[in-house]
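Each chain, written out:
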Amino acid sequence: MPSPFTGTIFATGDIRRFPVLDSTNRAAMEAAAQGAPEGTLIVADEQTAGRGRGDHRWHSPAGEGLYLSILLRPPLAANDALWLSLIAGLAVHAAVRALTTIACDLRWPNDIMLREKKLGGILTELATEKDQVAHAVVGIGLNVNQSRFPDELTALATSLRIETDRAWPREELLTALLESFDAEYRGWLSGRRTRAAIVRDFESVSTYARNVRVEVDDHGAAQFTGTTEGLDERGFLRVRTRDGVRTVFSGGVRKCS
Ligand code: BTN
């Protein structure tokens, strides 16, 4: 079947849809290892072992959220892989806005937030060769039509349906998301979208990026608190502490209560 995404990274038409998968990221990493091309897309209606960041699972009930993974083969140093998560966040923001007019928030590096709760998340996984990205999988989970969450997630997660009291068409959201991701990715790869512009755009749609008191959990480094001071030119988060400005390279942040 010809791809509906002519002229995009999804034009290969390698769009693999599943009613149920353990994890679209797992499947995409496997497809990549078997030589699948850039733009291969894995979408599932339900995940039984959706992967979240750290040791977390991603709650992925049937028919309610969007669960997808995009296989990429960018000519990129592994140290620069953060850009993939940042542009994915911008793409989700644009797609949600286009369909619903809701301006969701981005929490560095890859949380999609709405009213301080998680609306979605991005998990970028990499295979590297000599410090270069051999392939990358950008996994995106978005809470669309959930009307409730398990008790342990109620205080942490929300969905478009909960926030707007109506259901949203997941297919249209998926199409908008693929279009916005394609535009972001190709703009970034070609250099038409500069890193400075991506940083500026990320900061402009993230209430967390500046002047917010946060607790930082930087993987491998100690936890600390401070006030966000925007992203640096490599896309890392700057946080002012009593001892000066620190750069957060990985992990994540939480608003101090
Ligand atoms: C996070 O912890 O915030 C990241 C969550 C990423 C979840 C998505 S759902 C589609 C893709 N497949 C996975 O197994 N995980 C990602």
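Since the model is a prediction, treat every value here as computed from it, not as a measurement.

About the thresholds
Residues numbered from 1 in each chain as written. Predicted model: local features only at pLDDT ≥ 70, side-chain atom pairs only at ≥ 80, totals over all residues. Heavy atoms only, no water. Pairing = 2+ DSSP bridges. Helix = DSSP H or I, 4+ residues; strand = E, 2+ residues; numbered from the N terminus. Near = heavy atom within 4 Å. Polar contact = N/O pair within 3.5 Å; in protein donor to acceptor, adjacent residues only side chain to side chain. Nonpolar A, V, L, I, M, F, W, Y, C, P; charged D, E, K, R; others polar. Expected span 1.5 Å × (residues − 1). Buried < 20%, exposed > 50% of the residue type's maximum accessible area, 1.4 Å probe, protein only.

### Some thoughts on the pairing of strand S10 (residues 210-217)
The two faces of the sheet receive side chains in turn, since in a regular strand these alternate between them.
In step 1: When S10 meets strand S11 (residues 223-231), the two strands line up antiparallel, connected through 6 bridges. Each residue of the ladder has a partner; that of Val214, found in S11, is Gly226.

### Regarding the site of the ligand
In step 1: As a structural note, the neighbourhood of the ligand is formed by 20 residues, with Ser23, Thr24, Arg51, Arg53 and Lys118 the closest of them.
In step 2: Take Gln47: an N or O atom from its side chain is 3.0 Å from a nitrogen atom of the ligand.
In step 3: Note that an oxygen atom of the ligand is positioned 2.5 Å from one of the side-chain N or O atoms of Lys118.
In step 4: For the shell around the ligand, the secondary-structure elements that each account for two or more residues are helix H1 (24-33), strand S3 (50-51), strand S5 (65-72), strand S8 (117-129) and strand S9 (132-143).
In step 5: Counting residues per element, the shell around the ligand draws most heavily on S8, at 4 residues.
In step 6: Of the residues belonging to the shell around the ligand, the class tally is 6 nonpolar, 10 polar and 4 charged.

### Quick look at helix H2 (residues 82-100)
In step 1: If you check H2, its first and last C-alpha atoms are 27 Å apart, about what 19 residues at 1.5 Å a residue would give, namely 27 Å.
In step 2: With 15 of 19 residues buried, H2 is to be regarded as a mostly interior element.
In step 3: Looking one or two residues past H2, Thr101 carries a phi angle of roughly 70°, positive in sign.

On their own, these measurements won't tell you what the molecule is for.
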